[in-house]
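Understanding the architecture of this molecule
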Amino acid sequence: AQSVTQLGSHVSVSEGALVLLRCNYSSSVPPYLFWYVQYPNQGLQLLLKYTSAATLVKGINGFEAEFKKSETSFHLTKPSAHMSDAAEYFCAVSGGNTPLVFGKGTRLSVIA
Amino acid sequence: DVKVTQSSRYLVKRTGEKVFLECVQDMDHENMFWYRQDPGLGLRLIYFSYDVKMKEKGDIPEGYSVSREKKERFSLILESASTNQTSMYLCASRPTAGNTGELFFGEGSRLTVL
């Protein structure tokens, strides 16, 4: 079985500041891990994914995440926030052939 | 590009009505999923299907049913809508079981039950 915990339902950063969104997972099998982004009134769009290759994963829009097995974490970062990054972000885990299990989401606000 | 199309973006229905939410994908994907999204609860899995005419219950199937008569189409049915089913419904698909698990999502259907 898999589960995901996202720490912080709402994160607020200043434009140009570091973005850090936290995700911890639990999985009984080697996990596949994902970050999705959702803009208002839209579906979910894949930002990046970890599939047991490189532990540092680069995604779209300057985001990256690092898989740390010892910490069961997959935190999402971006060096410099932009106003257009304001959205809701979801971390998700899968065992490969199982449905994705999602966290509760983190709403990112970017302050000018 | 993969396209997952949900037939209705916004619906308003009355309590007790039967509601159909339709989802079509154009990339010959084997697996299809229905999630509901509520503030503070994230996405919760209602039903999924790994093949035509197959269906599996997810975490919150009560009050819902599904139909998958054709590979490209996966319908979510609310037999008798209730106000606690007011939510955003998201359909998703992926190529096959055993792959990385990445899902491709539709734009969502926002249902209001009065």
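**Structural notes on unusual backbone geometry**
Residue and element names in this part refer to chain A.
- For Asn41, which is not glycine, the phi torsion reads 60 degrees and is therefore positive.
- Summarising the element assignment, Asn41 is placed in the loop between strand 4 (32–38) and strand 5 (44–50).
- The class for Asn41 is partly exposed, based on a relative accessible area of 43%.

**A word on the interface of chain B and chain A**
- Contacts between the two partners involve 25 residues from chain B and, on the opposite side, 22 residues from chain A.
- Both sides together, the interface formed by chain B and chain A hides about 1,700 Å², and carbon and sulfur atoms give 52% of it.
- Applying the counting criterion to the chain B and chain A interface returns one salt bridge.
- One salt bridge connects Glu102(B) with Lys49(A), and the closest N-O pair in it is separated by 2.8 Å.
- Inspection of the chain B/chain A interface yields seven residue pairs in polar contact (both at pLDDT 80 or more).
- Counting residues per element, the side of chain B that touches chain A draws most heavily on strand 6 (residues 42–49) of chain B, at four residues.
- Residues of the side of chain B that touches chain A, tallied by class, amount to twelve nonpolar, eight polar and five charged.

**Regarding the layout of surface pockets**
- Quantified by volume, the largest pocket comes out at close to 410 Å³.
- Surrounding the largest pocket, 20 residues form its lining, Gln38(A), Glu88(A), Arg107(A), Gln37(B) and Pro39(B) being those nearest its centre.
- Looking at the lining of the largest pocket, the elements with two or more residues in it are strand 9 (87–94) of chain A together with strand 5 (31–38) and strand 10 (87–94) of chain B.
- In terms of residues, the lining of the largest pocket owes the most to one element, strand 9 of chain A, which gives three residues.
- Tallied by class, the residues present in the lining of the largest pocket amount to six nonpolar, nine polar and five charged.

**Regarding the environment of Gly108(B)**
- Relative to the helices and strands, Gly108(B) is located in the loop between strand 11 (104–105) and strand 12 (109–113).
- Other than its neighbours up to four places away in sequence, Gly108(B) contacts Gln6(B), Ser8(B), Arg9(B), Met88(B), Tyr89(B) and Leu90(B).

**Quick notes on the state of the cysteines**
All names here are of chain A.
- As enumerated under the stated definition, the model contains two disulfides over all chains in all.
- With its sulfur 2.0 Å from that of its partner, Cys23 forms a disulfide with Cys91. What sets the handedness of the Cys23 and Cys91 disulfide is the S-S torsion sign, and at about -65 degrees it is left-handed. In this pair, Cys23 sits in strand 3 (residues 19–27) while Cys91 sits in strand 9, placing the two residues 68 residues apart along the sequence.

Rules of the game
Residues numbered from 1 in each chain as written. Chains lettered and ligands numbered in written order. Predicted model: local features only at pLDDT ≥ 70, side-chain atom pairs only at ≥ 80, totals over all residues. Heavy atoms only, no water. Helix = DSSP H or I, 4+ residues; strand = E, 2+ residues; numbered from the N terminus. Buried < 20%, exposed > 50% of the residue type's maximum accessible area, 1.4 Å probe, protein only. Contact = heavy atoms within 4.5 Å. Buried area = accessible area lost by both parts, 1.4 Å probe. Salt bridge = Lys/Arg side-chain N within 4 Å of Asp/Glu carboxyl O. Polar contact = N/O pair within 3.5 Å; in protein donor to acceptor, adjacent residues only side chain to side chain. Nonpolar A, V, L, I, M, F, W, Y, C, P; charged D, E, K, R; others polar. 1 Å grid on protein atoms, 1.4 Å probe; cavity = no way out; pocket = protein on both sides within 12 Å on 5 of 7 lines; lining within 4 Å. Points joined across faces, edges and corners; volume = space filled by probe spheres on them. Disulfide = S-S within 2.5 Å.

This is a description of form; function is not addressed.
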